[in-house]
Each structure stands twice: as C-alpha cells, then as structure tokens.
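Okay, here's what each chain looks like letter by letter:
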Amino acid sequence: MTPGMFEWARRLNPFTTPEARRLAVLFGVVYFAQGTWYLPNQTITIVLKDRGLSPGQVADFFLVTTIPWLVKPIYGLLSDFFPLLGRRRQTYFVLTCGLAGAAGLALASGNLIAQGPIEAFTVSLPPLGATTFTVVAGVGLFTLMALGLAFTDVLTDAMMVENGRPRGLTGAFQSVQWACITVASVVVGALGGWLAESRSLKGAFLLA
C-alpha cells in the first residue's frame, strides 16, 4: 500500500486509541438517544386526536415538552459553576440520563396520556388577551424526559470539546454524533409510523 492509501485509511478511522473509541461510542449513543426522544410523537398525536383534541390542543402538549430544549444555556452554566459532588460533568451526566430513562419508563408503564385527565386553563396574555391552554396528564413526565436529554446533550457537547481539542478529534466526534442522530431520525420515521398506527404508546416510550 502507498503512503497515500495509509493516510486515507487513517482519516477513515481517526479513533486510534481505546479512550478515543470509548468517547466516540459515548457521544454516538447520547445523540442516538436524543433522536429517539421523538419516537412517541406520532403516536401521541394520533392518540390525543382520538381523544377529541383539536390540532391546537395537541400543539399545547408539545409546546410544554419543548421548553427544556429552549433553555439549554442554563444547563451549561449550572454544570460549570455549581459542581455536583465535586464534578462538573460526570455526576450531572449520570443524574440527567437517569432522569430521562426513569421518566420514559414511567410513561411506558402506564396510560397517562391515553387515559389520564385533560384539563383546560384560561390565562391572560397581554398581547393576545385571554387564551385557553390544554394540559394532558403525562405531559410533565414527557417534559422531564426532555429535560434529562437536553441537559445530557449540553454535557456531551462540553465533553466533546474538552476531549476533542487536545486530540484533534473535534470534527470526527461531531461526525459520529450527527451520523447517529441521523440514523435515529430514520428509525423514528419508519418505526414511529407503525407505532402510531397501532396506537402503541407503551411500546414507543419503552423503546425511546
């Protein structure tokens, strides 16, 4: 083999040390899990429409669950300035992964979204006036699941930069992350439709 071919092979697999490979697997798993958070969405939409909710009321559900993704800078500040048990990353990482997993399993073990109470609240917003907001049982747990994944996403990106720069692997780590979340999106698109057709919320949350 020529030196050019060796260089091509090295670029194809830049993770030459066990530690670099472990980090690449970790970052890939986190981003794959982040992508599968959307797996129940199609089923939730169908189930809520079957329960008589309008598209606007279904949108209320997803509006609440996206809030943790909108305040991601807070998580970075929290982990940077308030270490947990003396660590800025690992302890928060285990805690937030556990939070996401526990919330997902709690939703998989019950029928909160499919059978729980639905309540409407009227709030007054100065620009819009009185607005009715619909709250479905289970939205809190799905939001906690989002909080765990969003916080973990921030921690993962911080770890990726901290470990990638000294090794010259930041771009390679990012490629692994985006490849895994793309694969997860394909899985969500294909499997999510089947789960929605069968109204299998428990299966969707268990897999997610």
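Residues numbered from 1 in each chain as written. Predicted model: local features only at pLDDT ≥ 70, side-chain atom pairs only at ≥ 80, totals over all residues. Heavy atoms only, no water.

Right, let's get into the pattern of salt bridges. With the rule as written, the count across this model stands at seven salt bridges. Of the charged contacts in the structure, one is a salt bridge between Arg 199 and Asp 50, with a shortest N-O distance of 2.8 Å. In this pair, Arg 199 sits in the loop between helix H10 (170-198) and helix H11 (201-207) while Asp 50 sits in helix H3 (residues 41-50), placing the two residues 149 residues apart along the sequence. The closest approach of N and O atoms between Asp 80 and Arg 88, which form a salt bridge, is 3.1 Å. On the basis of relative accessibility, which here comes to 36%, the residue Asp 80 falls in the partly exposed class. Connected via shared salt-bridge partners are Asp 80, Arg 88, Arg 89 and Glu 162. (Salt bridge = Lys/Arg side-chain N within 4 Å of Asp/Glu carboxyl O. Helix = DSSP H or I, 4+ residues; strand = E, 2+ residues; numbered from the N terminus. Buried < 20%, exposed > 50% of the residue type's maximum accessible area, 1.4 Å probe, protein only.)

Contact geometry of H3 with helix H4 (residues 55-65) gives a least axis separation of 10 Å together with a crossing angle of 140°. Pair H3 / H4 crosses with right-handed handedness. Where H3 abuts H4, its residues Asn 41, Ile 44, Thr 45, Leu 48 and Lys 49 lie against Val 58, Phe 61 and Phe 62. Considering only residue class, the contact of H3 with H4 consists of five nonpolar, two polar and one charged. (Axes fitted to C-alpha atoms, helices over the stretch in contact; angles between N-to-C directions. Left-handed = near helix turned anticlockwise from the far one by under 90°. Contact = heavy atoms within 4.5 Å. Nonpolar A, V, L, I, M, F, W, Y, C, P; charged D, E, K, R; others polar.)

Here we take up H3. Those residues of H3 not exposed but buried are Asn 41, Thr 43, Ile 44, Val 47 and Leu 48. Angular distribution of buried residues about the axis of H3 spans 155°; they occupy a single face of the element. Residue Gly 52 follows H3 closely and has a positive phi angle near 100°. (Arc of directions from axis to C-beta.)

Here Thr 43 lies in helix H3. Accessibility expressed as a relative area gives 0% for Thr 43, which makes it buried.

The subject of this paragraph is the packing of H4 against helix H9 (residues 139-167). The contact between H4 and H9 brings their axes to 8 Å, and the two run at 40°. Together, Phe 61, Phe 62, Val 64 and Thr 65 of H4 and Val 139, Phe 142, Thr 143 and Ala 146 of H9 make up the contact between the two elements. Class assignment of the residues belonging to the contact of H4 with H9 gives a composition of six nonpolar, two polar and no charged.

Core analysis: the largest hydrophobic core is formed by 43 residues, its most contacted members being Ile 44, Phe 61, Phe 142 and Phe 205. Elements supplying a minimum of two residues to this core: helix H2 (18-36), H3, H4, helix H7 (90-108), H9, H10 and H11. Looking at which element gives the most residues to this core, the answer is H9, with eleven residues. Beyond its immediate stretch of four places on either side in the chain, Ile 44 contacts Phe 61, Phe 62, Ile 113, Phe 142, Leu 201 and Phe 205. (Core = buried A, V, L, I, M, F, W, Y, C linked by side-chain atoms within 4.5 Å.)

Right, let's talk about the environment of Glu 19 for a bit. Within the secondary structure, Glu 19 sits in helix H2. For Glu 19 and Gly 104, which are 85 residues apart along the polypeptide, the C-alpha to C-alpha distance reads 30 Å. At 2.9 Å, the side chain of Glu 19 and the side chain of Arg 167 are in polar contact. (Polar contact = N/O pair within 3.5 Å; in protein donor to acceptor, adjacent residues only side chain to side chain.)

Residues Leu 77, Leu 78, Phe 81 and Phe 82 make up a contiguous nonpolar surface patch of about 440 Å² in total accessible area. Relative to the helices and strands, Leu 77 resides in helix H6 (residues 72-81). (Patch = residues over 30% accessible without salt bridge, like charges linked within 9 Å, V, L, I, M, F, W, Y side chains within 5 Å. Areas by Shrake-Rupley, 256 points an atom, 1.4 Å probe, with all protein chains shown as cover.)

In total, this model carries eleven aromatic pairs according to the counting rule given. Aromatic pair Phe 27 and Phe 173: ring centres 5.1 Å apart, planes at 85°, arrangement edge-to-face. Here Phe 173 lies in helix H10 and Phe 27 lies in helix H2, a separation of 146 residues in the sequence. Assessed through its relative accessible area of 0%, Phe 27 is described here as buried. Residue Phe 173 is classed as buried on the basis of its relative accessible area, which comes to 0%. (Phe/Tyr/Trp six-rings, centres within 6.5 Å; stacked < 30°, edge-to-face > 60°.)

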